[in-house]
Amino acid sequence: MTARRIVSIWFPDLAMERWRRAHPDTDDAQPLALASEGPHGLVIDAVNEAARDSGAKPGQRMTDARAICPTLVLESADRAGDAQSLARLGHWARRWSPWTAVDGADGLLLDSTGGAHCFGGEAAMLEQIETAFGMLGFTAQLAIAPTIGGAWALGRFGASDRIIVEPEGVSKALAPLPVESLRIDSDAALLLRRLGLKTVGALADIPITALARRFRKHRHEVANPLTRLQQAYGTTREVVAPLAPQTIYRVVQRVAEPVQYVAILEPLLADLAERLCDALEAGQRGLRRVCFEAFRVDGYVAQLEVETAAPVRTPNHIVRLFAERLEKLDAGFGFDTFALTAQWHEPMEAWQKGIGEDEEKGILLPHLLDRLRVRLGAENISMPTPYASHIPERSLAWGDGQERFPSIEAPSRRERPIRLFDRPEPVTVIYATPDGPPRRFRWRYQLHDVAKAEGPERIAPEWWREKSTVRLRDYYKIEDRKGRRFWIYRNGVVDDRRGGPPQWFMHGLFF
Amino acid sequence: MPDPPLTPAKHTLKRLSEDFGTNPPTPFVELGVTSCFSFLRGASDACDLVEAAFCQKHHALGIADRNTMAGVVRLYSEAKTAKLRPVIGCRVVLVEGHEFLAYPRDRAAYGRLCTLLSQGKMRTIDGQWQDKGECHLTLDMLAEHSEDVQLIALPDEDIDAFTETLPILAARLPTMQHVAVSYLYRGDDRARIMRLDALAKGQGLSILATNDVHYHTPERRPLQDVMTCIREKTTIADAGYLLHANAERHLKSPEEMQRLFADWPHAIAATREVADRCTFSLKELQYEYPEETVPGDQTSQDYLEQVAWEGAAWRYPDGIPDKVRRIVERELVLIRRLDIARYFLTIKDIVDYARNCDPPILCQGRGSAANSAVCYCLGITAVDPAQVDLLFERFISEERREPPDIDVDFEHERREEVIQHIYDKYGRHRAGLCATVIHYRPRSAIREVGKVMGLSEDVTSALARTIWGSWGSSVDESKTEEAGLNRDDPYLKRVVTLTEQLIGMPRHLSQHVGGFILTQGPLIETVPIGNGAMADRSFIEWDKDDIDELGIMKVDVLALGMLTCIRKAFDLIDAHYGQRYTLASVPREVPEVYDMLCKADSIGVFQIESRAQMSMLPRLKPRTFYDLVIEVAIVRPGPIQGDMVHPYLRRRSGKEKVEFPSPHPDHGPPDELKNILNRTMGVPIFQEQAMKIAIDAARFTPEEANELRKAMATFRSRGTIERLESKMVSRMIERGYDLDFAHNCFNQIKGFGDYGFPESHAASFADLAYVSSWIKHFHPDVFCAALLNSQPMGFYAPAQIVRDAREHGVEVRGPDVNYSDWDNLLEPVAPGRSAVRLGFRQIGGIAKGDAEEIVRHRDRLYLDVEDVRTRTRLPVATVEKLAAADAFRSLKLDRRRALWDARALKQAPDLPLFTFSEERDEGEETPVMLPAMPVCEHVVADYQTMRLSLKAHPFEFLRDSYEERAFARAEQLRDCKFGVPVRLAGIVLIRQRPGTAKGVCFITIEDETGIANLVVWPDVMARYRKVIMSARMIEVHGRVQKDDDVIHVVADRLEDASSQLLALSDDPLQSQVDRADHVVNPVLSGLHRHPRNVRVIPASRDFH
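What counts, and where the lines are drawn
- Along each chain, numbering runs from 1 in the same order as the chain's sequence is written.
- All chains are assigned letters beginning with A, and all ligands numbers beginning with 1, in the order in which they are written.
- A pLDDT threshold of at least 70 governs which residues receive local features in this predicted model, and a stricter bar of 80 or more applies before side-chain atom pairs are shown or counted, although totals over entire chains, interfaces and linings include all residues.
- As a rule here, side-chain values cover all heavy atoms of the structure and leave hydrogens and water aside.
- A helix here means a DSSP run of H or I that spans at least four residues, while a strand means a run of E at least two residues long, and both kinds are numbered starting from the N terminus.
- It is over C-alpha atoms that the radius of gyration is taken, and the globule rule equals 2.2 Å times the number of residues to the power 0.38.
- Note on exposure labels: buried denotes an accessible area under 20% of the residue type's maximum, exposed denotes more than 50%, and partly exposed covers the range between, all computed with a 1.4 Å probe on protein chains only.
- Throughout, a residue-residue contact means that at least one pair of heavy atoms, one from each residue, lies within 4.5 Å.
- Areas reported here follow the Shrake-Rupley algorithm with a probe of radius 1.4 Å; residue values treat only the protein chains shown as occluding.
- For the charge count, each Lys or Arg is scored as positive and each Asp or Glu as negative, with His and the chain ends excluded.
- In this description, the location of a charge corresponds to atom NZ of lysine, CZ of arginine, CG of aspartate or CD of glutamate.
- Summed over both partners, buried area is the accessible surface (1.4 Å probe) that two parts give up on being assembled.
- Criterion for a salt bridge: a side-chain nitrogen of Lys or Arg within 4 Å of a carboxyl oxygen of Asp or Glu.
- Classification of ring pairs rests on two measures: the distance between centres of Phe, Tyr or Trp rings, Trp counted by its six-membered ring, which must be within 6.5 Å, and the angle between planes, read as stacked under 30 degrees, edge-to-face over 60 and tilted in between.
- Consider the ring centre and the ring normal. A charge sits over the ring if Lys NZ or Arg CZ is within 6 Å of that centre and within 35 degrees of that normal.
- Expected helix span is taken as 1.5 Å per residue step, with the number of steps being one fewer than the number of residues.
- Between any two strands, pairing holds if DSSP finds at least two bridges.
- Working convention: axes come from line fits to C-alpha atoms, limited for helices to the stretch in contact. Angles between N-to-C directions cover 0 to 180 degrees.
- Domain start and stop positions are those given by an automatic or database domain assignment.

**Re the overall build of chain A**
Counting its secondary structure elements, chain A contains 14 helices and 20 strands. A compact globule built from 511 residues would reach a C-alpha radius of gyration of about 24 Å, whereas chain A, at 35 Å, exceeds it by more than 25%. Taking the principal axes of the C-alpha coordinates as reference, chain A spans close to 105 × 75 × 45 Å. Out of the 511 residues belonging to chain A, those deemed buried represent 48%. Counting contacts in chain A only where the partners sit at least 6 residues apart, residues at least 24 apart contribute 58% of the total. When the accessible surface of chain A is split by element, carbon and sulfur atoms take 52% of a total near 26000 Å². Across chain A, the centroid of the 68 positively charged side chains sits 6 Å from that of the 68 negatively charged ones.

**A word on the interface of chain B and chain A**
A common way to report how large an interface is uses the accessible area buried once the components associate. Across the contact, 78 residues belong to chain B and 74 residues belong to chain A. Across the interface of chain B and chain A, roughly 6500 Å² is buried in total on both sides, 56% from carbon and sulfur atoms. Connecting chain B to chain A are 2 salt bridges. A salt bridge links Arg458 of chain A to Glu248 of chain B; the nearest nitrogen and oxygen atoms lie 2.7 Å apart.

**Quick word on the packing of aromatic side chains**
Taken as a whole and assessed by the stated rule, the structure comprises 31 aromatic pairs over all chains. Measuring from centroid to centroid gives 6.0 Å for Phe421 of chain A and Trp443 of chain A, while their planes differ by 25°, and the two rings are stacked. Here Phe421 of chain A, found in strand 15 (residues 419-431), pairs with Trp443 of chain A, found in strand 16 (residues 438-443); they are 22 residues apart in sequence, far enough to count as distant. Residue classification places Trp443 of chain A among the buried positions, given a relative accessible area of 8%. Through a chain of ring-to-ring contacts, three or more aromatic side chains come together here, namely Phe11, Trp92, Trp96, Phe133 and Phe138 of chain A. Against the face of Tyr440 of chain B rests Arg507 of chain B, its NZ or CZ located 5.2 Å from the ring centre.

**Points about helix 40 (residues 935-946) of chain B**
All names here are of chain B. For helix 40, which comprises 12 residues, the first-to-last C-alpha distance of 16 Å matches the rise-based estimate of 16 Å (1.5 Å per residue) to within 8%. Along helix 40, 10 of the 12 residues are buried, which leaves the element largely enclosed by surrounding structure. Among the residues of helix 40, Cys936, Glu937, His938, Val939, Val940, Ala941, Asp942, Tyr943, Thr945 and Met946 are the ones counted as buried. Positive backbone phi, approximately 65°, marks Arg947, located one or two places after helix 40.

**Some points on the sheet that holds strand 7 (residues 363-366) of chain B**
Residue and element names in this part refer to chain B. Taken together, 7 strands build an open sheet; the order of strands is 7-8-13-10-9-12-11 and the sheet is mixed. If you trace the sheet from one side to the other, it starts and ends with strand 7 and strand 11 (529-531), each paired once. Neighbour-to-neighbour, the strand axes of this sheet turn through a mean angle of 45°, independent of strand direction. In this sheet, strand 8 (residues 407-411) lies alongside strand 7 in antiparallel orientation, the contact comprising 4 bridges. Paired with Gln364 across the strands is Asp409, a residue of strand 8.

**Description of helix 11 (residues 322-338) of chain B**
End to end, helix 11 of chain B covers 25 Å across 17 residues, agreeing with the expected 24 Å (1.5 Å per residue, within 8%). Just beyond helix 11 of chain B, the residue with positive phi is Asp339 of chain B, at close to 55°.

**Observations concerning the domain arrangement of chain A**
For chain A, the domain assignment lists domain 1 (10-120 + 132-142), domain 2 (249-347) and domain 3 (419-509). Centre-to-centre separation of domain 1 of chain A and domain 3 of chain A, based on C-alpha positions: 59 Å.

**Focus on the pattern of salt bridges**
This structure, assessed with the given rule, holds 92 salt bridges over all chains. The shortest N-O distance in the salt bridge between Arg112 of chain B and Asp148 of chain B comes to 4.0 Å. Here Arg112 of chain B is found in helix 3 (residues 107-122), whereas its partner Asp148 of chain B is found in the loop between helix 4 (139-144) and strand 4 (149-154), with 36 residues between them in sequence. By relative accessible area, Arg112 of chain B is classed as partly exposed at 21%. Put simply, Glu880 of chain B and Arg903 of chain B hold a salt bridge, and the shortest N to O gap is 3.4 Å. One end of the pair, Glu880 of chain B, is in helix 37 (residues 876-884); the other, Arg903 of chain B, is in helix 38 (residues 895-903), and 23 residues separate them in sequence. A relative accessible area of 16% places Glu880 of chain B in the buried class. Members of the salt-bridge network, linked through shared partners, are Arg458, Asp474 and Arg490 of chain A together with Glu248 and Lys252 of chain B.

Encoded structure:
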């Protein structure tokens, strides 16, 4: 077996550099730490240069760091985002070798065996890798060695940034490194230090039988220095398990005779949609944006795209979204190939729709929204949603139907007018102070005599979002002599020290 | 260092009772009152409610908290001050969803209500152990206990449903005569009230008006909303309909209520009827002492006299001294007059139990009543009245008729036995622990409010950080700015205001550390009892202030680590030196003991071992027991703030004449203060002295003195304090006293406020301080072992205790599999001299059971590591831990070798066949040469495994380099002149910033020759904050300061030298590297260092 060439890429500052890239306006002189919730409060994950200088360090509890450096700014760490980002970098690194793998929380491994000459040799390749990541804003420390363990150790504990070790130089290069470089946990490292075996070389000098006897119980690699030692020296084999490429959901259909008549595109599309949805179902994904391509014999490609309000996997729905627009396609000399590609998809669990029947009766609200948007344009569609607030005009919110609002457990017995004015209109009212019901009022130049009144319903301002001068409202349900019913309110009460005498407003109609 | 109070002081009315007139009776009484003891529901405390009620001309006020009586005493005492009539009740919430206001008419009905609540709190409906804070009641339970309890049904939101349930309720609950109605501006109020009125009439009931009060003023609505959010774990923006639409649920005046209910006058009249029918008052909860402490048909007083004289004869086998006889006689007369004999007998019973345990549990009483000759004769205390002047009469106030106060401390490891004995003897229905009300402290308040208001964690913790320590009472403005927050931001202002309102609100009830209430009749008829979070604990709903307010007796059964230590020391002295001591038989007033204390040689001694106490000892130079009493009391905020420390020291050292301020001859005898201040050289030091001055010199009536005493304990009532101050000062001046003296006396009273220390406590503590000093001086070996065996306790870590013992010539030996026990032992060295053998308890991760196994199988010496494993059958991991702690030295194995051997052990199954097979199945091993372990690494490993090292001080390895840099040793400070510049370096032991020291920070550092005390002024502190807060080892440039024998180094410059400590274990690693080889030079510098930062020095005790 020829010796393998493994590249270890270590991003010592991944989290902070990623944060910095997302927030380009950060003042670097300001000590900053990224922290996440630990069992006993916040724990620092990463710090910037300024924070490091003022004494903060990863692993420290937030309160301790704050005690040392009171000006430390705290942002929350995004470990999931870091991991995703690292996976993306791993895919990106496949330009140098198809065999790339994510290594822990902050490193990558590449198997570049036999491939370095494409990039001008190993030294040139490492330089290229470092520069490439540097341009993305990530500091990287690199090493090439014949084993994963060797490359890992030299990449993290080696003296220089780019280390290249030939097969015959492995033991010499590793010998002076501390035992921690063997990818063992802290307990194992502490034990080795207590035994006086502080370097890889010292450990390698101990007879294997003696070591085997002492670490035989430790099956887990990170607790077993002997396994790790053998992996680093290449006596046991360890391979880079490459990242799986991302699945692309795309279905293609060729036809023998070019299609010139657009009306028959629909069954074709239905066929494609069914196949795409099957593929998505297997991957537990749902469509958010889908692209239909029709390839014309003369080299022109017609494209249609639709987006959906929620993940979908229903072929009929997809077809309906495209259907009206298919007619506008210019077939020219005819299409001979069709493709349907999922451009944006989200996780969507498989569920059973029901026994016997495949689809529920009626139409799902998200599907309706999709159809209306396709027909009327996304910007023209909005939908009222109940919003938990006592303030009448806040109790409904207009949105695209996807917002999440505070829990709705509306007090149903509160009767609200059918029509609520966007802007309450001033009315003049005769009433008994302080909070008697109105007797007579004038609205839009018309005088109304009050026949019946109910109230007041007192609604106080939402103190957490309004100024302290905002006044409470006393709402009355009014019926005039003609039986018309109004909803009017008095803004404020006498002597509430929030302005002059209270004003009256018409806020809605019950007819 | 003063201990912060466990809870913030109680919020009481700012005004005195004389400020309140009596309101004439009104037709309306508010009965639907939810106070803050309906946790996270009510937003006003009793004090606010009463004040608002008084101003609105109410003459009576109800209280009805949700399934609890926890707040009734507060309302009762505040209402008493404001001359309102408290109407005591509660809001009963059933698991079926029905709610009632429940107002008992008399004592018996009150007892039934308490029994009902207790049942709901102690057992779930299906009879299981109820969770803490829960209360499950059913309609059946309520019906069973509702006789003479006036019930007022609270209708559901849904009146249709209520229409159906009301007839059922009315049939089951004959005492339910009313339906509550509210006018809360909901729009449909009139219709609703009409409907309910008709509904009630249909059942022969009446409606009753209430405003469903949740706060005392509409301005409290925001706080109530925030509390709702905290309760429902949501934010204010998301709370939506969980919040109320308006702020109407506040206390309204009788006129306003009459106006709202003008159409339903019978609803108003009903409130008055219900209130007037409640004749029950909390005053009726007269305390009945348990009877079983008196045998036969003797009266308790006769029996007490009998046992007291028997005890006296036992205490003084050679005859009772006349002095003692006179004191005992006088005290017995007083006890008879106050009728508190059974109280003493109850305590004697508990103490007797502890004493008759096998082995006996050491205990000692303290508190005002404990300072009596009778207590000495009963064996409750150990302060001999023949030698020490006792103060009994001074503390028992005949006027107040309050129950006496005795706390009994027990060995902390065995207190649980005493508690269980009390439960066994008196039964859970007659014995209960007091509650402690847990209040929102500034930090918790800010966190909760911030979360509700949607502030980010960052802003919230920045706000939280603006409070130093956890007992600040308000948000400090300057600190808010320091944290980079904009004070003018209106949203933030609102958060701060809300936080300030939330601070001090009760959050939940917890059990008191050991305050027991014992009764003759069932306790559950006096107060509801609930379960604690700990298994087998139940506690009543009132805290100790409430108990005091009602004049109910309690016995504090407390745990004290030093008693454990002293008992273990007595046992060791008995075993090794053949003398049996008790607390009372330790030789008193031995000059050598005081000599030792005068040198501030007091590490480990009870109470006087702290830095502040140690720097006071050489100044005070205690020579008698009473000096120790003063020593204990003087290093406290009271005397410090009252500026009494220096005058006392000056007078004691003869630099100032002892004088007694006297009134004008027309106003009284010139020596009226001499009686009070004689024993403290004319300087008031104890709490009672200040009080006595108020009574004698300012002619305070007992009632005024009582108000003063309460005000002292309250930080919120600044207004009251100022009123009392002018009253006291002006009266003293009137009577011819010096203005400055009057002011100083009062300042001291203010200082006592939060951390008062009465003479009686000081005397009991001084007694233990003396006994522990005596042991330390005559048996330093015993003291060391006993102290280590009682850990965790006291001020110092094991490393300092061991170091101190070795400095006193005690040989200390490391733990060893062939010699050690679980506990630290004494090994005889020469007659009268022993060495301390450290026990396995000092090794981290070794369980007591493991240690016992090792001892049990040690019939012959262990031969090697394998032998330990096969004979003890301990897990290999445990053997490894022993090896890592270097416990195989007697087998000629050092740590490294033992660890190497231990790693090779096989975790064999415990089969007899294998266990006894001596043959080793893997054959002999090829010997491996491991590098020898340098001493400095051993020291580091010792600290890692035992937190101390006997081999060397880590500093010894650094001394050479410090010598070169002209750094002094700690021991050299003694020879330095005042003001000499000096450089020092040492490991940080303690950093403190006491509240009384105006921002000065004190740091204790240690090198191999001893400890040194650093003083860091605030400006230096600000500059070197990072170093002070983070360094484990510090280099100081400063100046020497001396005052008597007290030496300080005032720091000018500080540097972090922690990296030197790490070098101890990393050094050899670097030296192995060939420095010429730069290609692979594993220099472990740089910022991205991976290896674990091993912390070798135990974390020091920090402030913040």
